[in-house]
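Residue strings, one per chain:
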Amino acid sequence: MNITNLPFGVTYWSEVERTEHTGEQGAAYWQTRTFGEIRVRMVEYSSGYLADHWCAKGHILLCLEGELRTELKDGRCFVLHPGESYQVADDAELHRSSTEQGAKLFVVD
């Protein structure tokens with residue numbers, strides 16, 4: 001990632017619009033800011049959330065609250081708890097998220 005032409009700024013997440021994205025089960029609520037080609041999000045998954053697709057987008061993701069289960073298309077599974085993160089490149093490994101009790105994430109992609 002090469003961050004250029006981005007002056008210092010502060011994001012007040014409480015003021016950023018929240019959008020709903022339904023999953024195969026449950027919902028994801030995104031607050032999104034875009035800086036050139038960089039998208040930064042606060043994402044909250046409802047309890048029982050299961051993504052409705054395999055994602056090919058690269059992310060750097062930090063779990064802030066709850067527990068996030070990430071399944072890779074090859075069958076591997078990883079569970080993140082608060083303070084844990086993962087990173088994956090664009091088109092590297094298809095992945096999808098789920099959570100039993102809900103989770104809150106900070107995502108850069």
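Scope of this entry: the structure provided in the associated data block. In this text, all values refer to a predicted model and were calculated from it rather than measured experimentally.

1. Describing the layout of surface pockets
No. 1: Roughly 300 Å³ of volume is contained in the second largest pocket.
No. 2: Broken down by secondary-structure element, the contributors of at least two residues to the lining of the second largest pocket are strand E1 (18–22), strand E2 (27–35), strand E3 (38–45), strand E5 (59–66) and strand E9 (95–99).
No. 3: Sorting elements by how many residues they give to the lining of the second largest pocket places E3 first, with four residues.

2. Description of the nonpolar core
No. 1: Formed by 14 residues in total, the largest nonpolar core has its most connected members in Val43, Tyr45, Leu61, Leu68, Leu80, Tyr86 and Leu105.
No. 2: Going through the elements one at a time, E3, E5, strand E8 (85–88) and strand E10 (103–108) are the ones with two or more residues in this core.
No. 3: Among the elements that make up this core, the one with the highest residue count is E10 (three residues).
No. 4: By size, the runner-up hydrophobic cluster in this structure holds six residues, among which are Ile38, Val40, Met42 and Val108.

3. Section: the packing of aromatic side chains
Given two aromatic rings, one states the distance between the centres and the angle between the planes to describe the pair.
No. 1: Within the structure shown, the criterion is met by two aromatic pairs.
No. 2: A centroid spacing of 6.3 Å and a plane angle of 90 degrees characterise the contact between Trp13 and Phe106, whose relative ring orientation is edge-to-face. Of this pair, Trp13 sits in the segment before E1 while Phe106 sits in strand E10, and the two are 93 residues apart along the sequence.
No. 3: Seen from the ring of Tyr29, Arg18 lies directly overhead, with NZ or CZ sitting 4.2 Å from the centre.
No. 4: Arg41 extends its terminal NZ or CZ atom over the ring of Trp30, reaching a point 4.3 Å from the ring centre.

4. A short note on empty space enclosed by the protein
In this approach a probe as big as a water molecule rolls over the atoms, and the regions it shows empty are the leftover space.
No. 1: Enumeration according to the criterion identifies one cavity of 30 Å³ or more in this entry.
No. 2: Of the voids in this model, the largest cavity is the one considered here, and its volume is about 30 Å³.
No. 3: Taken together, Arg18, Tyr29, Trp30, Gln31, Met42, Glu44 and Lys104 form the lining of the largest cavity.
No. 4: Looking at the lining of the largest cavity residue by residue, the classes come out as three nonpolar, one polar and three charged.

5. Structural notes on the sheet that holds strand E7 (residues 77–80)
No. 1: The strand order across the open sheet formed by four strands is E4-E9-E6-E7, and the pairing between neighbours is antiparallel. Across the chains shown, the open sheet's two edge strands, defined by having one partner strand only, are strand E4 (49–50) and E7.
No. 2: Here strand E6 (residues 68–72) pairs with E7 via four bridges, running antiparallel. By the bridge assignment for E7, Leu68 is matched with Leu80.

Thresholds applied
- Residues numbered from 1 in each chain as written.
- Predicted model: local features only at pLDDT ≥ 70, side-chain atom pairs only at ≥ 80, totals over all residues.
- Heavy atoms only, no water.
- 1 Å grid on protein atoms, 1.4 Å probe; cavity = no way out; pocket = protein on both sides within 12 Å on 5 of 7 lines; lining within 4 Å.
- Points joined across faces, edges and corners; volume = space filled by probe spheres on them.
- Helix = DSSP H or I, 4+ residues; strand = E, 2+ residues; numbered from the N terminus.
- Core = buried A, V, L, I, M, F, W, Y, C linked by side-chain atoms within 4.5 Å.
- Buried < 20%, exposed > 50% of the residue type's maximum accessible area, 1.4 Å probe, protein only.
- Phe/Tyr/Trp six-rings, centres within 6.5 Å; stacked < 30°, edge-to-face > 60°.
- Lys NZ or Arg CZ within 6 Å of the ring centre and 35° of its normal.
- Nonpolar A, V, L, I, M, F, W, Y, C, P; charged D, E, K, R; others polar.
- Pairing = 2+ DSSP bridges.

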